[in-house]
Protein chains: 2
Amino acid sequence: MSAPDSATGLHYRDAGVDVDAADAAIEQAKDAIRSTFGPRVLADVGLFGGLFSAAGLAKDPVLVATTDGVGTKVRIAAAVGRYDSVGHDIVHHCINDALVQGAEPLFFLDYVGVGRLDPGVVAALIRGCAAACKAHGVALLGGETAEMPGLYPPGEFDLVGTLVGVVEREHLLDGGRVRAGDRLLGLASSGLHTNGYSLARRIVEERLRWSYADPFPDMGGRSVADVLLEPHRCYLETLRPLLRLPALHAMAHITGSGVPGNLPRVLRGMGARVSRAAVPGSPLFTTLVQAGGVEREEAWRSFNMGVGMILVVDPGAVRELQAALRASGATAFEMGHVDAGLVEEVAWLD
Amino acid sequence: MSAPDSATGLHYRDAGVDVDAADAAIEQAKDAIRSTFGPRVLADVGLFGGLFSAAGLAKDPVLVATTDGVGTKVRIAAAVGRYDSVGHDIVHHCINDALVQGAEPLFFLDYVGVGRLDPGVVAALIRGCAAACKAHGVALLGGETAEMPGLYPPGEFDLVGTLVGVVEREHLLDGGRVRAGDRLLGLASSGLHTNGYSLARRIVEERLRWSYADPFPDMGGRSVADVLLEPHRCYLETLRPLLRLPALHAMAHITGSGVPGNLPRVLRGMGARVSRAAVPGSPLFTTLVQAGGVEREEAWRSFNMGVGMILVVDPGAVRELQAALRASGATAFEMGHVDAGLVEEVAWLD
């Protein structure tokens, strides 16, 4: 324990920073972190950098690295005091971002920024990340918790993740295989994933004036919090069997800016024609769009609208891939094609 | 441009999120980002994950990964509207964290969280990261800018970085070589680096009641902002020539919790006896400690107090290493030794 304050002498904790609380959080999460370590992790928690053996990862390895946050979904988590699920969100988001380049995830690092560090809350956030890492074979190799008084509102936090994966260079998906006429296969999202939350929160809180404990209509009796905090779906296990198929030309992870903002990123300058009617609807999106009076175009730029991942595939392989995806339990739907007459844009078929 | 608002329909930007502003920020920083790309970077800005060829990095490569923030130093940067230097801070901090395990830095990813996205500000932050990356041979491989209304105060931001480096496994510094009696060689810091800012800001703003434009006494006419925003020193070039010397047993980067919190992390359960008088003083620390009435023990746990990096070295090699460090322009000072009679703690010699 620290010595008692003198009449005038400042201690670090007087400035709102409690180093002991940070240590306590790590202590509470340590076993969960260690449970993610495989044989490639060469050091325990506590060194300045996490150590990961990259020996023999691939013949010609390409590292794929991505960093992201979960947006203002964290504000709902803080509002309802549910701290485990956002860890899954950020890990899944990052895994998907690496996956669309063809990569298997290797390791993950978390960053938690808080105004006042509650060890139980931070430990829960880290344990959520660890559980998601463990479930998908990813090492939680490092992290940082920063107590920054005044920067974050009381009780709120930001959660950032970085993931590194690896892909054999010959299996890299960088858009190079995409051809005009390629078909688009969509995979269903599990909800808003991690995008559009500032708009969704405004609709729920100001237009609908719902409490987060209220049931969300037509969503199987789940509460508003349950529906909005549903973790970002991870597509790793669904898509792993397809990664080395020559018929899989590219993949787009549908995150911020929706289908129009993400699909063209992998089309090498071409565009796509997309059927919105082909994407299975959900009362979640219908309710938000109607209650917010959100125009259709704006809705598709703000939310994923039901599609979390789009595969760009050889036209001759659509049936086979769709069958394989459905056999693995995924909801896969054909939703359009690549069009060389369009430049980096999505044109709607309906 | 977006369509005008209807009387009742919500747009994403009504919720405080302007996707065009994020795109504009990246556009302004793109050339700076690209300027950091070497031949191992396999894709341009804009894919879901950055691509880095790891072919032939080492015979038995160990990846070293670290993530960190710059603490409430960002609040001073925001207060005075100086957005370039904190990019250097976070890149240097991460390079040093990897360096103490013996690693050369490979690539870096940034995360900027803001309440309202000003493209010029975010571009300046990213360009600062890019300039620091370029100066030290690091690829700025990816990043994310998140506009999170209400989570950050107007005009303020958080800046997080993640760095991956590589070290040949036989040259890994993980504390395993440390022996009782090893000597400690300190390297001077350039200022507060990135720790202790919540306390320092409180002293400057509430005790001293200085404006950030005021001159900081006895600091060569530099302003309070200049002194407090002085970038975290990067030790890469100074220490690179020493990394494979058998006499270099370990290194500790002096960050949060100061010498007592960081030095024991690399001593494999032993402790160290440290001379505080051996560390060259600075009017920066003297002024903050006096004005804040900060007790000596607390000061050394809150600030680096003038020592940014500590090398743990073979006793027979002290003179030679010190001479080599001084020849490279570094201020190196002998400041104590490893003591097997202490358990994971620092005992002061004076």
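Residues numbered from 1 in each chain as written. Chains lettered and ligands numbered in written order. Predicted model: local features only at pLDDT ≥ 70, side-chain atom pairs only at ≥ 80, totals over all residues. Heavy atoms only, no water.

Asker: Help me get a handle on the overall build of chain A, residues and values and all.
Answerer: The helix and strand tally for chain A stands at 11 helices and 11 strands. Whereas a compact globule of 350 residues would reach a radius of gyration of roughly 20 Å, chain A reaches 22 Å, a difference of no more than 12%. If one aligns the C-alpha atoms of chain A with their principal axes, the spans along those axes are about 75 × 55 × 35 Å. A sequence separation of at least 24 residues applies to 82% of the contacts in chain A between residues at least 6 apart. When the accessible surface of chain A is split by element, carbon and sulfur atoms take 49% of a total near 12300 Å². Distance between charge centres in chain A, computed from 31 positive and 41 negative side chains, equals 5 Å. (Helix = DSSP H or I, 4+ residues; strand = E, 2+ residues; numbered from the N terminus. Rg over C-alpha atoms; globule rule 2.2 N^0.38 Å. Contact = heavy atoms within 4.5 Å. Areas by Shrake-Rupley, 256 points an atom, 1.4 Å probe, with all protein chains shown as cover. Lys, Arg positive; Asp, Glu negative; His and termini not counted. Charge placed at Lys NZ, Arg CZ, Asp CG, Glu CD.)

Asker: Hey, could you go over the nonpolar core for me, with residue numbers and the actual values?
Answerer: In summary, soluble globular proteins display a tendency toward joint burial of nonpolar side chains. Ranked by size, the top nonpolar core spans 248 residues in total, and within it A:Leu263, A:Leu311, B:Leu263 and B:Leu311 carry the most contacts. Sequence-distant contacts of A:Leu263, defined by excluding residues within four places in its chain, comprise A:Leu184, A:Ala252, A:Ala272, A:Val274, A:Ile310, A:Val312 and A:Val346. Formed by 24 residues, the second largest nonpolar core is a distinct cluster that contains A:Phe107, A:Leu109, A:Val166 and B:Phe107. (Core = buried A, V, L, I, M, F, W, Y, C linked by side-chain atoms within 4.5 Å. Buried < 20%, exposed > 50% of the residue type's maximum accessible area, 1.4 Å probe, protein only.)

Asker: I'd like a rundown of the pattern of salt bridges, residues and numbers included.
Answerer: All names here are of chain A. One pass over the structure, following the stated rule, counts 30 salt bridges over all chains. Here Glu27 makes a salt bridge to Lys30, at a shortest N to O gap of 3.4 Å. You can see Glu27 and its partner Lys30 sitting in helix H1 (residues 19–34), three residues apart, about one turn around the helix. Judged by its relative accessible area of 51%, Glu27 falls in the exposed class. Overall, the relative accessible area of 19% leaves Lys30 in the buried class. Ionic pairing is found between Arg201 and Glu205, a salt bridge with its closest N-O pair at 3.9 Å. In this pair, Arg201 and Glu205 are both assigned in helix H5 (residues 197–207), four residues apart and thus about one turn of the helix distant. Arg201 sits in the buried class, given a relative accessible area of 11%. (Salt bridge = Lys/Arg side-chain N within 4 Å of Asp/Glu carboxyl O.)

Asker: Quick one: what's the story with the domain arrangement of chain A, residue by residue and with numbers?
Answerer: Often, the extent of an interface is quoted as the loss of accessible area upon association of its parts. Residues and elements named next belong to chain A. Splitting chain A by domain gives domain 1 (12–171) and domain 2 (183–348). Once you take the C-alpha centre of each, domain 1 and domain 2 turn out to be 25 Å apart. Contact residues are listed per partner, giving 25 residues for domain 1 and 29 residues for domain 2. Of the roughly 2400 Å² buried at the junction of domain 1 and domain 2 (both faces included), carbon and sulfur atoms supply 62%. Viewed at the interface, domain 2 and domain 1 are joined by two salt bridges. In this structure, the salt-bridge partner of Asp226 is Arg82, at a minimum N-O distance of 2.9 Å. Within the residue set of the side of domain 1 that touches domain 2, elements represented by two or more residues are helix H2 (73–80), helix H3 (85–99) and strand E3 (104–114). (Domains from an automatic or database assignment. Buried area = accessible area lost by both parts, 1.4 Å probe.)

Asker: Tell me about the sheet that holds strand E1 (residues 50–53) of chain A, and please be specific about residues and values.
Answerer: Sheets are built from strands that pair by backbone hydrogen bonding, the pairs being arranged parallel or antiparallel. What the five strands build is an open sheet, ordered E1(A)-E2(B)-E5(B)-E3(B)-E4(B); its pairing is mixed. In this open sheet, the two edge strands, each paired with only one partner strand, are E1 of chain A together with strand E4 (139–147) of chain B. Strand after strand, the sheet turns through a mean of 20° between neighbouring axes, direction not considered. Here E1(A) runs beside strand E2 (residues 61–69) of chain B; their pairing, made up of four bridges, is antiparallel. From the neighbouring strand, A:Leu51 faces E2(B), where its bridge partner is B:Val64. Most of the contacts of helix H3 (residues 85–99) of chain B go to strand E5 (residues 157–168) of chain B, to which it runs at about 30°, and overall it touches E2, strand E3 (104–114) and E5 of chain B. Set on the sheet, helix H4 (residues 119–135) of chain B makes contact with E3, E4 and E5 of chain B; between it and E3(B) the angle comes to about 170°. (Pairing = 2+ DSSP bridges. Axes fitted to C-alpha atoms, helices over the stretch in contact; angles between N-to-C directions.)

Asker: Hey, could you go over the relation of the copies chain A and chain B for me, with residue numbers and the actual values?
Answerer: Mapping chain A onto chain B calls for a screw motion: a turn of 180° about the axis and a shift of 0.0 Å along it, with 0.0 Å RMSD after fitting. With respect to symmetry, the two chain copies, as superposed, fit the operation of a two-fold axis. Minimal C-alpha separation from the rotation axis in chain A is found for A:Tyr152, amounting to 2.9 Å. Mapped onto chain B, 100% of the interface residues of chain A again fall at the interface, so both copies present the same surface. (Least-squares fit on C-alpha atoms with pLDDT ≥ 70 in both.)

Asker: I'd like a description of the packing of H1(A) against helix H4 (residues 119–135) of chain A, backed by residues and values.
Answerer: All names here are of chain A. It is the contact of H1 with H4, at a shortest axis distance of 8 Å, that shows an interaxial angle of 30°. Relative to H4, the element H1 is oriented roughly parallel. The two elements H1 and H4 meet at a crossing, and its hand is right-handed. In this structure, H1 uses Ala21, Ala24, Ala25, Ile26, Gln28, Ala29, Ala32 and Ile33 to contact H4, whose residues at the interface are Pro119, Gly120, Val122, Ala123, Ile126, Arg127 and Ala130. (Parallel < 35°, antiparallel > 145°, perpendicular 65-115°, else oblique. Left-handed = near helix turned anticlockwise from the far one by under 90°.)

Asker: Let's hear about the interface of chain A and chain B: which residues, and what values?
Answerer: Opposite the 84 residues of chain A that make contact, chain B presents 84 residues. Summing the contributions of chain A and of chain B, the shared interface buries around 6700 Å²; its carbon and sulfur component is 60%. Taken together, the connections running from chain A to chain B amount to zero salt bridges. Joining chain A to chain B, the criterion identifies 35 residue pairs in polar contact (both at pLDDT 80 or more). By residue number, the principal contributor to the side of chain A that touches chain B is strand E2 (residues 61–69) of chain A, which donates nine residues. Residues of the side of chain A that touches chain B, tallied by class, amount to 41 nonpolar, 26 polar and 17 charged. (Polar contact = N/O pair within 3.5 Å; in protein donor to acceptor, adjacent residues only side chain to side chain. Nonpolar A, V, L, I, M, F, W, Y, C, P; charged D, E, K, R; others polar.)

Asker: Tell me what's going on with the pairing of strand E10 (residues 332–343) of chain A, and back it up with residues and numbers.
Answerer: All names here are of chain A. Two elements, strand E6 (residues 183–188) and E10, share five bridges in a ladder whose sense is antiparallel. Bridge pairing in E10 links Arg183 to His337. As judged from the five bridges shared by strand E8 (residues 270–274) and E10, these two strands associate in the antiparallel manner. By the bridge assignment for E10, Gly271 is matched with Asp339.

Asker: Outline the packing of H3(A) against H4(A), supporting the account with residue identities and numerical values.
Answerer: Residue and element names in this part refer to chain A. Remark: H3 packs on H4, axes separated minimally by 7 Å, with the N-to-C direction vectors making an angle of 45°. Put simply, H3 runs oblique to H4. Considering the relative orientation of H3 and H4, their crossing is right-handed. Contact residues: H3 offers Val86, Gly87, His88, Ile90, Val91 and His92, while H4 offers Leu125, Gly128, Cys129, Ala131, Ala132 and Cys133. Residue composition of the contact of H3 with H4, by class: eight nonpolar, four polar and no charged.

Asker: Just give me the short version of unusual backbone geometry, but keep the residues and values in it.
Answerer: Residues and elements named next belong to chain B. Despite not being glycine, Met305 shows a phi value in the positive range, around 60°. Within the secondary structure layout, Met305 lies in the loop between helix H10 (296–302) and strand E9 (307–313). Judged by its relative accessible area of 13%, Met305 falls in the buried class. The phi dihedral of Glu344 falls on the positive side, at around 45°, and the residue is not glycine. Assignment of secondary structure puts Glu344 in the loop between strand E10 (332–343) and strand E11 (346–348).

Asker: An account of helix H11 (residues 318–327) of chain A is needed here, citing residue identities and associated values.
Answerer: Residue and element names in this part refer to chain A. Those residues of H11 not exposed but buried are Val318, Leu321, Gln322 and Leu325. Around the axis of H11, the buried residues are gathered within 100° of arc, so they sit on the same side. Opposite the buried face of H11, at more than 90 degrees from it, the exposed residues are Arg319, Glu320 and Ala327. Buried-residue contacts for H11 involve E6, helix H7 (236–239), strand E9 (307–313) and E10. Following H11 by one or two positions, Gly329 has its phi on the positive side, about 95°. (Arc of directions from axis to C-beta.)

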